[in-house]
Amino acid sequence: MLLGVPHRVGIDLIAVEDVAAALSAHGERYLARVYTDREVQDCAGPAGPDPLRLAARFAAKEATMKVLRPGDAAVPWPSVEVRRNPGGDVELALTGAAKALAEDAGLSGFAVSLTHDGAYAAAVVVADHAPTALQNQRCHVD
Amino acid sequence: MNDLIRTVLRDHGRLPVPMETLADSDDLYRAGMASHASVNVMLGLEDAFDVEFPDRMLTRGVFASVDAIAAALTELGLGAPA
């Protein structure tokens, strides 16, 4: 995070039971369409992927979308990945369409925070927003 | 086609209002469909219509209304919307 640089922020809240229901209804297809292999591995529990941890990651993905503001661009959910580091902290990794959107919008320095209790999970994402020269030119022209 | 789409939305959309109160052109997000529910709707549609939405179609607009979903399914090779 850079001081003196504009930011964008996104937040999302999700009911854990919604994730549990999706997991129950669609299983592996749900996991494959939304999460990366690493995320599924990070969320592994004794009885399979933990809906609570998956919900926190989905909230982070949606909070990131609010920062990216993709409009009607296609952004597959796995292109936003929450990575859990050995110390327990988490960070975001953008790939593919999400990475391209961030670069085009002049977004960098993404930071994420997750929280959850028994029923809900939430995430906040913040990024530095330094519009590119082209975007500044567009703003000036408009 | 639209009746089956409505069934999928009823089963997976978690809308706070009855589907019967929504027109085919009404915006489902404005009606209260959350982004996570739209994932369930997508998977439900794939089951119901035996199709797979490619990455390029995973946009907010594709799942924004019954009409938009019907148009997307038509693009995937299913019959024209009723």
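Computed from a predicted structure; not experimentally measured.

**Student:** A description of the overall build of chain B should follow, citing residues and the corresponding values.
**Tutor:** The number of helices and strands found in chain B is three helices and zero strands. In summary, chain B has a C-alpha radius of gyration of 11 Å against a globular reference of 12 Å for 82 residues, a match within 12%. C-alpha atoms of chain B, sized along the principal axes, occupy 30 × 25 × 20 Å. Here chain B holds 82 residues, and the buried ones make up 49% of them. Long-range pairs, those at least 24 residues apart, make up 54% of the contacts in chain B between residues at least 6 apart in sequence. Entry remark: accessible area of chain B is about 3,800 Å², with carbon and sulfur atoms responsible for 49%. Within chain B, one finds 6 positive and 13 negative side-chain charges whose respective centroids are separated by 7 Å.

**Student:** Outline the packing of aromatic side chains, listing residues and values.
**Tutor:** This model, assessed by the stated rule, comprises three aromatic pairs over all chains. Ring geometry for tyrosine 30 of chain A against tyrosine 35 of chain A: centres 5.5 Å apart, planes inclined by 75 degrees, an arrangement best described as edge-to-face. Side by side, tyrosine 30 of chain A and tyrosine 35 of chain A carry an identical accessibility label, which is buried. Between phenylalanine 58 of chain A and tryptophan 77 of chain A, the ring centres sit 4.7 Å apart and the planes meet at 40 degrees, which makes this aromatic pair tilted. Residue phenylalanine 58 of chain A is found in helix α3 (residues 51–68), and its partner tryptophan 77 of chain A is found in the loop between α3 and β4 (80–84); the two are separated by 19 residues along the sequence. Taking the relative accessible area as the measure of exposure, tryptophan 77 of chain A reaches 13% and is therefore buried. Taking NZ or CZ as reference, arginine 60 of chain B lies 3.9 Å from the ring centre of tyrosine 29 of chain B, over its face.

**Student:** An account of the interface of chain A and chain B is requested, with residue identities and associated values reported.
**Tutor:** Tallying the contact residues gives 20 residues for chain A and 19 residues for chain B. Contact with chain B buries surface across chain A, with His26, Arg29 and Arg33 of chain A losing the most and accounting together for 38% of the total. Our count for the chain A to chain B interface comes out at four salt bridges. Arginine 29 of chain A is the partner of glutamate 46 of chain B in a salt bridge, and the nearest nitrogen-oxygen pair spans 2.9 Å. Elements supplying a minimum of two residues to the side of chain A that touches chain B: α1 (16–34) and α3 of chain A.

**Student:** Could you give me a rundown of helix α4 (residues 96–105) of chain A, with the residues and numbers involved?
**Tutor:** Helical geometry note: an α-helix holds 3.6 residues per turn, so side chains three or four residues apart project in the same direction. All names here are of chain A. Taken residue by residue, α4 has Ala98, Leu101, Ala102 and Ala105 as its buried positions. Down the axis of α4, the buried side of the element spans an arc of 100 degrees, and every buried residue falls inside it. What points out from α4, more than 90 degrees from its buried face, is the exposed set Gly96 and Asp104. Downstream of α4 by one or two residues, glycine 106 has phi in the positive range, about 75 degrees.

**Student:** Describe the sheet that holds strand β7 (residues 120–129) of chain A, naming the residues involved and giving the relevant values.
**Tutor:** Residues and elements named next belong to chain A. Taking strand neighbours across the sheet as the criterion, the three strands line up as β1-β7-β6 in an open arrangement whose pairing is antiparallel. Of all the strands in the sheet, the pair left with one neighbour each is β1 (7–15) and β6 (107–116). Across the sheet, the mean angle separating the axes of adjacent strands is 15 degrees when strand polarity is ignored. Pairing of β6 with β7, which is carried by eight bridges, proceeds in the antiparallel orientation. Of the residues in β7, the one forming a bridge with threonine 115 is alanine 122.

**Student:** Give a description of the packing of α1 of chain A against α3 of chain A that names residues and reports values.
**Tutor:** All names here are of chain A. Orientation of α1 relative to α3, taken along the N-to-C sense of each, is 75 degrees, at an axis distance of 10 Å. Comparing their axes, α3 and α1 come out roughly perpendicular. Here α1 contributes Val16, Val19, Ala20, Leu23, Leu31 and Val34 to the contact with α3, which in turn contributes Pro51, Leu52, Leu54, Ala55, Phe58 and Lys61.

**Student:** Got a sec to walk through the confidence of the model for chain B? Specific residues and values, please.
**Tutor:** Chain-level pLDDT for chain B is 92 on average; 95% of the residues reach the 70-or-more range. Both scores are given for the predicted complex: the pTM is 0.89, the ipTM 0.87.

What counts, and at which threshold
Residues numbered from 1 in each chain as written. Chains lettered and ligands numbered in written order. Predicted model: local features only at pLDDT ≥ 70, side-chain atom pairs only at ≥ 80, totals over all residues. Heavy atoms only, no water. Helix = DSSP H or I, 4+ residues; strand = E, 2+ residues; numbered from the N terminus. Rg over C-alpha atoms; globule rule 2.2 N^0.38 Å. Buried < 20%, exposed > 50% of the residue type's maximum accessible area, 1.4 Å probe, protein only. Contact = heavy atoms within 4.5 Å. Areas by Shrake-Rupley, 256 points an atom, 1.4 Å probe, with all protein chains shown as cover. Lys, Arg positive; Asp, Glu negative; His and termini not counted. Charge placed at Lys NZ, Arg CZ, Asp CG, Glu CD. Phe/Tyr/Trp six-rings, centres within 6.5 Å; stacked < 30°, edge-to-face > 60°. Lys NZ or Arg CZ within 6 Å of the ring centre and 35° of its normal. Buried area = accessible area lost by both parts, 1.4 Å probe. Salt bridge = Lys/Arg side-chain N within 4 Å of Asp/Glu carboxyl O. Arc of directions from axis to C-beta. Pairing = 2+ DSSP bridges. Axes fitted to C-alpha atoms, helices over the stretch in contact; angles between N-to-C directions. Parallel < 35°, antiparallel > 145°, perpendicular 65-115°, else oblique. pLDDT = per-residue confidence, 0-100.

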